[in-house]
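# Per-entry structural report
So you can see what is in the structure, the chains are spelled out below.
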Amino acid sequence: SSGINAEWPLRPGGSTMRDSLTSLGVSDLIQNEIVVATLHSNYNQDLNVNGFVGFVSLAGGLVGSLWKVAGGNFLLPPRLVKESGAELVKRKVKRILPSDNKKGYTLTYASGDTEEFETEEFDAVVLATPLHNADIELPDGVDVSGNTKPFQRTLATFVNGVLAPIVPGEKNPGDVLTVTSKDKLLFSSIGSKGSVDMDFNYKVFSKLPLTEDQINKLFSKVNEIKVVDWMAYPKYSVPDSLPDFELAPGLYYINAIESAASAIEMSCIGSKNVALLLYQYLENVKNVDSGAVCQTEEMEQFKEEL
């Protein structure tokens, strides 16, 4: 389907995580001291997110086992490009407009590091970036505002150093999670990335930039700091709107899935959905056997190799 089904069992647009857990009989103590900790760490948000996002956060923080790519998850995109045989062109796209022949799209993008632009024709286009800051001109009729939402600012401060004792006289745990929802909270979470001989051995999540004094309160020794300030995830609320994967015929939007929940696994689901819609559009077929198109056995082998 080109839209996300809002009638899921967890009804993501209908209730907050707090209401969802309360209806299941989960105590306030568990919600405030365990569930909030996962939400702070995963989404930099609290129990007011929609229920589906909250359960995705729990899946990534408390339940079951998680996959990772040997060598780092950042290797996933280049590996996928290599396996697909696609040609990768690193250019800043300026506009995507219907082609003059009314079939397909004309892309205008920057020519290298110069201020000149090139154009190229494509049968279909897949957007794999959040629309809220893409700064790409799209065809008339594409509802950009209706297909995006405000994003949560998150600062990731990477530190090489020694973490000061959070509780005096006690050894620090591997990860430090927070449970309070006070606006003046210094940080949302502190994650250990390894030993001090790594480039950066701690990652601190916060909603606002940390001052030098604040960092020195958290760390007894600081060797190096790197800050990544980004709009990391949608701001999840109730009621929530869920956009379409299809912005226009032949123009698809993988990141629509982020409005349901943001995670690499969710992006894989969104990508598969868009791939099937794209196949359906290009081959002019109405119904698609996802197992036949995606070659499930080969995908399982690919996952094991990763």
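Heads up: these notes are all about the structure in this document.

Procedures and definitions
- Residues numbered from 1 in each chain as written.
- Predicted model: local features only at pLDDT ≥ 70, side-chain atom pairs only at ≥ 80, totals over all residues.
- Heavy atoms only, no water.
- Helix = DSSP H or I, 4+ residues; strand = E, 2+ residues; numbered from the N terminus.
- Contact = heavy atoms within 4.5 Å.
- Bend = angle between axes of the 7 residues up to and from the residue.
- Buried < 20%, exposed > 50% of the residue type's maximum accessible area, 1.4 Å probe, protein only.
- Pairing = 2+ DSSP bridges.
- Axes fitted to C-alpha atoms, helices over the stretch in contact; angles between N-to-C directions.
- Phe/Tyr/Trp six-rings, centres within 6.5 Å; stacked < 30°, edge-to-face > 60°.
- Core = buried A, V, L, I, M, F, W, Y, C linked by side-chain atoms within 4.5 Å.

Note that Thr157 resides in strand 5 (residues 151-163). For Thr157, the contacting residues outside a window of four places in its chain are Tyr202, Lys203, Val204, Leu210, Ile215, Ile225, Lys226 and Val227.

All right, on to helix 2 (residues 28-43) then. The largest bend in helix 2 is about 35 degrees, located at Val35. Within the sequence span of helix 2, burial applies to Gln31, Val35, Val36, Ala37, Thr38, Leu39, His40 and Tyr43. Positive phi shows up at Asn44, right after helix 2, with a value of about 55 degrees.

What follows is about the sheet that holds strand 8 (residues 202-206). Across the sheet, five strands lie side by side as 6-7-8-5-9; this open sheet has antiparallel pairing. Edge positions in the open sheet fall to strand 6 (175-177) and strand 9 (219-234), since each of these has one partner strand only. In this sheet, adjacent strand axes meet at a mean angle of 20 degrees when their direction is disregarded. Sheet topology note: the strand 7 (residues 189-192)/strand 8 ladder contains four bridges and is antiparallel. Within strand 8, the position partnered with Gly191 by the bridge is Lys203.

Further remarks concern the sheet that holds strand 3 (residues 117-122). An order of 1-2-3 is seen for the three strands of this open sheet, with the pairing classed as antiparallel. Of all the strands in the sheet, just strand 1 (93-98) and strand 3 have a single pairing partner and so form its edges. The average angle at which neighbouring strand axes cross in this sheet is 20 degrees, direction not considered.

Our next topic: the packing of aromatic side chains. We describe a pair of aromatic rings using the distance from one ring centre to the other and the angle between the two ring planes. Summed over all chains, the structure comprises five aromatic pairs. Centroid distance Tyr43 to Tyr233: 5.4 Å. Interplanar angle 75 degrees. Geometry classified as edge-to-face. You can see Tyr43 sitting in helix 2 and its partner Tyr233 sitting in strand 9, a full 190 residues away along the chain. On the basis of relative accessibility, which here comes to 11%, the residue Tyr233 falls in the buried class.

One finds Tyr43, Ile96, Leu127 and Leu251 to be the most contacted residues of the largest nonpolar core, which totals 40 residues. When residues no more than four places from it in sequence are discounted, the contact partners of Tyr43 are Thr38, Val53, Val56, Ser57, Gln152, Tyr233, Tyr236, Ala261, Ser262 and Ala263. Core analysis: the second largest hydrophobic core is formed by eleven residues, Leu163, Val176, Tyr202 and Val204 among them.

Remember that side chains alternate between the two faces of the sheet whenever the strand is regular. Counting buried positions along strand 8 gives four out of five residues, so the element sits mostly inside the fold. Two elements, strand 5 and strand 8, share five bridges in a ladder whose sense is antiparallel. Within strand 8, the position partnered with Thr157 by the bridge is Val204.

Everything listed here is a matter of coordinates, which is why it stays silent on function.
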